[in-house]
Amino acid sequence: MLIIIEEILENGQIILKEKLVINQKVKVLISFAEEIVQSGPASIASPSALLRGAWKDISKEDREEIDSYFQNLRSD
């Protein structure tokens, strides 16, 4: 059996987002994905701000491909 759930580790405790009902002994594997950055209400109001500059170093060919993709979306 494999069940994947997203939870939060905060102050050394795992905070469950949903209640799990498992009536048998199971092995639990824990991996840490990324740190949750909370910088206040601005990050909630503008999640796109986290992406600023993410594409600044892409190659000219990749930029042209992305532009072409969005141009095709607009024309459809």
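As shown above, the structure is provided for reference.
Quick notes on the rules
Residues numbered from 1 in each chain as written. Predicted model: local features only at pLDDT ≥ 70, side-chain atom pairs only at ≥ 80, totals over all residues. Heavy atoms only, no water. Helix = DSSP H or I, 4+ residues; strand = E, 2+ residues; numbered from the N terminus. Buried < 20%, exposed > 50% of the residue type's maximum accessible area, 1.4 Å probe, protein only. 1 Å grid on protein atoms, 1.4 Å probe; cavity = no way out; pocket = protein on both sides within 12 Å on 5 of 7 lines; lining within 4 Å. Points joined across faces, edges and corners; volume = space filled by probe spheres on them. Nonpolar A, V, L, I, M, F, W, Y, C, P; charged D, E, K, R; others polar. Phe/Tyr/Trp six-rings, centres within 6.5 Å; stacked < 30°, edge-to-face > 60°. Salt bridge = Lys/Arg side-chain N within 4 Å of Asp/Glu carboxyl O. Contact = heavy atoms within 4.5 Å.

1. Considering the overall build of the protein chain
Here comes step 1: If you tally the helices and strands in the protein chain, you get two helices and two strands.
Here comes step 2: Scanning the protein chain from its N terminus toward the C terminus, one meets helices and strands in the order β-β-α-α.
Here comes step 3: Each of the 76 residues in the protein chain was classed as buried or not, and the buried ones make up 1%.

2. Describing unusual backbone geometry
Here comes step 1: Positioned with a positive phi, N11 is a non-glycine residue whose angle comes to about 55°.
Here comes step 2: Turning to its location among the elements, N11 is positioned in the loop between strand 1 (8-10) and strand 2 (13-15).
Here comes step 3: A residue is classified by how much of its surface remains accessible, and N11, at 75% relative accessible area, is exposed.

3. As for the layout of surface pockets
Here comes step 1: Of the voids in this model, the largest pocket is the one considered here, and its volume is about 1,200 Å³.
Here comes step 2: For the largest pocket, the lining is made up of 27 residues, of which I5, E7, L29, I30 and S31 are closest to its centre.
Here comes step 3: Looking at the lining of the largest pocket, the element that brings in the most residues is strand 1, giving three residues.
Here comes step 4: Taken together, the residues of the lining of the largest pocket sort by class into 18 nonpolar, two polar and seven charged.

4. Describing the packing of aromatic side chains
Here comes step 1: What the rule picks out here adds up to one aromatic pair.
Here comes step 2: Here the aromatic rings of Y69 and F70 are separated by 5.4 Å at their centres, their planes lie at 75°, and the arrangement is edge-to-face.

5. Quick word on the pattern of salt bridges
Here comes step 1: Under the definition given, this model contains one salt bridge.
Here comes step 2: A salt bridge links K17 to E6; the shortest N-O distance between them is 3.4 Å. Here K17, found in the loop between strand 2 and helix 1 (41-45), pairs with E6, found in the segment before strand 1; they are eleven residues apart in sequence, far enough to count as distant.

6. Quick look at the environment of I66
Here comes step 1: Secondary-structure assignment places I66 in helix 2 (residues 60-75).
Here comes step 2: A relative accessible area of 22% means that I66 is categorised as partly exposed.
Here comes step 3: Setting aside anything within four residues of it in sequence, one finds I66 in contact with W55 and I58.

7. Focus: the environment of E6
Here comes step 1: A relative accessible area of 57% means that E6 is categorised as exposed.
Here comes step 2: Taking the C-alpha atoms as reference points, E6 and L16, separated by ten residues in sequence, lie 8.1 Å from one another.

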